[in-house]
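Tertiary structure, described
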Amino acid sequence: MEKYKLFDAEYKFVSIVWDNEPVNSTELVKLCADKLGWKKSTTYTVLKKLCERGILQNRDATVTSLVKREDVQKYESRAMLERTFDGSLPKFLTAFLSDRKLSEQEAEELKRIIEEAVK
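Residues numbered from 1 in each chain as written. Predicted model: local features only at pLDDT ≥ 70, side-chain atom pairs only at ≥ 80, totals over all residues. Heavy atoms only, no water.

If you check an unreviewed UniProt entry, the protein chain appears there as Beta-lactamase repressor BlaI from Acetivibrio straminisolvens JCM 21531. In the Sequence similarities (unreviewed entry) part of its UniProt record, the protein chain is described as follows: "Belongs to the BlaI transcriptional regulatory family." (UniProt positions renumbered as here; feature names shortened; annotations may be inferred.)

Structural data, given as structure tokens:
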């Protein structure tokens with residue numbers, strides 16, 4: 001599961017790939033220059049590291065992801081919950097909602113999600 005751990009800059013980079021895949025590596029360099037302010041060398045260095053870690057692949061100058069966005073989000077969410085709230089979802093929700101009001105629609109959606117998780 002540790003293979004899904006991405007640092008902030010890596011997550012932004014992989015998000016560009018997810019949003020544009022399959023993406024030519026030359027186009028990826030342009031996208032990263034535009035969206036992240038990166039130089040060509042930075043893009044290729046990060047791409048190489050993420051390929052080595054099995055997050056992305058670069059075949060014939062075409063970059064694609066090997067992991068889904070949802071899997072990374074699930075890993076990051078669980079890691080944050082463990083690290084910050086001792087794995088307690090109620091503690092997280094209490095902290096998150098302490099200074100925020102939910103709309104009726106948001107409350108209904110959360111109720112539905114919780115009911116489905118209990119089944």
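So much for the structure itself; the text now carries on.
What the rule picks out here adds up to 8 salt bridges. A salt bridge links Glu52 to Lys48; the shortest N-O distance between them is 3.9 Å. Here Glu52 pairs with Lys48, and both are found in helix 3 (residues 40-52), just 4 residues apart, close to one helical turn. One salt bridge in this structure joins Glu106 and Arg100, with 3.2 Å as the shortest N-O distance. We classify Glu106 as partly exposed; its relative accessible area is 30%. (Salt bridge = Lys/Arg side-chain N within 4 Å of Asp/Glu carboxyl O. Helix = DSSP H or I, 4+ residues; strand = E, 2+ residues; numbered from the N terminus. Buried < 20%, exposed > 50% of the residue type's maximum accessible area, 1.4 Å probe, protein only.)

As judged from the 4 bridges shared by strand 2 (residues 56-59) and strand 3 (residues 62-65), these two strands associate in the antiparallel manner. Residue pairing across strands places Gln57 opposite Thr64, the latter belonging to strand 3. Here strand 2 folds back onto strand 3 in antiparallel fashion, the turn holding 2 residues, of which Asp60 has a positive phi close to 50°. (Pairing = 2+ DSSP bridges.)

Turning our eyes to something else, we now look at unusual backbone geometry. In this structure, the amide linkage connecting Glu21 to the following residue, Pro22, adopts the cis form with an omega of -10°. Examined against the element boundaries, Pro22 turns out to sit in the loop between helix 1 (8-20) and strand 1 (23-24). Although it is not a glycine, Asp60 adopts a positive phi angle of roughly 50°. You can see Asp60 is positioned in the loop between strand 2 and strand 3. Non-glycine residue Asp86 carries a positive phi angle of around 55°. Mapping Asp86 onto the fold places it in the loop between helix 4 (69-85) and helix 5 (89-97). Note on Asp86: relative accessible area 62%, which makes it exposed.

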